[in-house]
Amino acid sequence: MALTYHQTKLVKETIPVLREHGERISTIFYKSMLTEHPELNDYFNGVNLKNGRQPRALTAVILNFASNINNISELIPKFERMCNKHCSLGIKPEHYEVVGKYLLQAFGEVLGAAMTPDVLAAWTKAYWVLAKMLIGREQQLYKDFEAWTSWRPFKIDRVVQETDDVYSFYLVPKDGRRLPKFLPGQYVSVQIQVPGGHLQSRQYSLSDAPSDKHYRISVKRDEGSQYSNSVSKSYQNPGIVSNILINYMKVGSVLSVSHPAGEFFLDLANDSNVPLVLISAGIGITPMISITNTVLATQPGRQISFIHGSRRSIPFEDHIAQLRRRNANFHSKIFKSHPSDGDRPGSTYDYDCRLDLAKLTDLDLFLHNSGAEYYICGPEQFMVEASAYLASHGVHRGRIKIELFTTGELAAKQQG
């Protein structure tokens, strides 16, 4: 049931104060909820809880929704991203009851006397308008997942070292049953036990064309933030899951894996033959390899411009070179900011700098083609800047897809 005009007014009047105290709301909310429901630690990224990213994202989503409660069409892409991630983690309707309780309590602590019974009633209704929208969409996604709506055990069949810090894991279902096809660009969540007793999940893009026998994910070691002085070098807050996968998971190890999900994908139902421009940096190459391999297998006549930037080594470098030699419609431009002594200009890379779209020609980017489709994946700021560059050169935002895992401020910038 929609909010009344008076309730909408009450909600919007309190938003400035809630925004101002967003960090405090997040701290109160998570501390209270996870103290009383420690089992929910299994659903949250522990690293992002510690660095404040997860709390800020949740607060941003709620307040952005409330600010646009009478015109939420612009928020639909963000909600779709949320729902896909929720389903990959196994979020259920009952979890919304718990979140709503502690979120509204946190609002009450911040607002104090301003949280009158009428304001509380208005915010409760606003929260449940949002929650029911998300629950409804998630029920549709779970229905599409059919029988596979929870964690499924997969065995590691093969491990391939792609670079010094990137490893590909070939995963086969332990039950031996055929795998559903995914859409190239989508991801799976992988769940493992971590020190301290909790489960942790991370999302990894599927890095090959769909197969009914195995999935491939490619994992980059997250060393954390580097700290160095004149005496030594160390890393703070290294990635928990990526390091466990790379250091300890071997052939034969069993992982819990979710059904493929994600709203960043190439639509296989659309047989359009317009050019594809795939722009990636770092480990953002993984969904682009999946898209590339799928298109070359199913639409070999389709033009692909593959643009990638890396510091030094590139995952799947030999594969990319082979595709370039064998497919006249596959074109690549490689940026390396720190080429190695063995690198050869014009062969293993094209530009010895960070990826800069301004160095490319209109033909490289198909800017002359009003139908070309653009897919961007990499660090968040890189994606936002690349999208802005394309938009400034006449590419309609409807033709640009970005692999944003966040639902917070950067996502809002990309949509703005």
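Quick note: structure is the one above.
Cut-offs used in this document
Residues numbered from 1 in each chain as written. Predicted model: local features only at pLDDT ≥ 70, side-chain atom pairs only at ≥ 80, totals over all residues. Heavy atoms only, no water. Salt bridge = Lys/Arg side-chain N within 4 Å of Asp/Glu carboxyl O. Helix = DSSP H or I, 4+ residues; strand = E, 2+ residues; numbered from the N terminus. Buried < 20%, exposed > 50% of the residue type's maximum accessible area, 1.4 Å probe, protein only. Pairing = 2+ DSSP bridges. Axes fitted to C-alpha atoms, helices over the stretch in contact; angles between N-to-C directions. Contact = heavy atoms within 4.5 Å. Expected span 1.5 Å × (residues − 1). Core = buried A, V, L, I, M, F, W, Y, C linked by side-chain atoms within 4.5 Å. 1 Å grid on protein atoms, 1.4 Å probe; cavity = no way out; pocket = protein on both sides within 12 Å on 5 of 7 lines; lining within 4 Å. Points joined across faces, edges and corners; volume = space filled by probe spheres on them. Nonpolar A, V, L, I, M, F, W, Y, C, P; charged D, E, K, R; others polar.

(A) Examining the pattern of salt bridges more closely. Summed over the entire model, instances satisfying the criterion amount to 10 salt bridges. Residue Arg152 is joined to Asp175 by a salt bridge in which the shortest nitrogen-to-oxygen separation is 3.0 Å. Of this pair, Arg152 sits in strand E1 (residues 152-161) while Asp175 sits in the loop between strand E2 (166-173) and strand E3 (187-193); the two residues are 23 residues apart in sequence, bridging distant segments of the chain. With a relative accessible area of 41%, Asp175 lands in the partly exposed category.

(B) Structural detail: the sheet that holds E1. Sheet architecture is open: six strands sit in the order E4-E3-E8-E1-E2-E5, paired in antiparallel fashion. Each edge of the sheet is formed by a strand with only one pairing partner; in this case those strands are strand E4 (199-205) and strand E5 (215-220). Recorded for the sheet is a direction-independent mean angle of 40° between the axes of neighbouring strands. Note that E2 and E5 share six bridges and pair antiparallel. Within the sheet, the bridge partner assigned to Phe169 lies in E5 and is Ile217. Sitting on the sheet, helix H5 (residues 76-89) touches E3 and E4, and the angle it makes with E3 is about 40°.

(C) Here's a closer look at helix H6 (residues 93-111). In this model, H6 (19 residues) spans 27 Å end to end at C-alpha, consistent with the 27 Å of a helix rising 1.5 Å per residue. Those residues of H6 that sit buried are His95, Tyr96, Val98, Val99, Gly100, Tyr102, Leu103, Leu104, Ala106, Phe107, Val110 and Leu111. Directly beyond the C-terminal end of H6, a positive phi value near 60° is found at Gly112.

(D) Quick look at the nonpolar core. Ranked by size, the top nonpolar core spans 53 residues in total, and within it Phe29, Met33, Phe107 and Trp123 carry the most contacts. Only helix H1 (5-20), helix H2 (22-36), helix H4 (53-67), H5, H6 and helix H7 (117-145) provide two or more residues apiece to this core. Contacts of Trp123, omitting those with residues within four sequence positions, involve Val11, Thr14, Ile15, Leu18, Ile62, Leu63, Ala66, Leu104 and Phe107.

(E) Examining empty space enclosed by the protein more closely. Tallied over the full model, the rule gives three cavities of 30 Å³ or more. One number sums up the size of the largest cavity: a volume of about 60 Å³. Taken together, Cys87, Ser88, Leu89, Gly90, Phe145, Trp148, Thr149, Ser150, Trp151, Ser258 and His259 make up the full set of residues lining the largest cavity. Counting residues per element, the lining of the largest cavity draws most heavily on H5, at three residues. Of the residues belonging to the lining of the largest cavity, the class tally is five nonpolar, six polar and no charged.

(F) How the structure looks around the sheet that holds strand E10 (residues 304-310). With respect to topology, five strands assemble into an open sheet ordered E11-E10-E9-E12-E13, the strand pairing being parallel. The open sheet has two edge strands with one neighbour each: strand E11 (330-336) and strand E13 (400-402). Recorded for the sheet is a direction-independent mean angle of 15° between the axes of neighbouring strands. In terms of strand pairing, E10 meets E11 through seven bridges, oriented parallel. Among the inter-strand pairings, Ile304 is bridged to a residue of E11, identified as Phe330. Strands in contact with helix H9 (residues 285-298) are strand E9 (276-281), E10, E11 and strand E12 (373-377); relative to E9, the strand with the most contacts, it is inclined by about 155°.

Without other data, these values stay purely geometric and don't point to any function.
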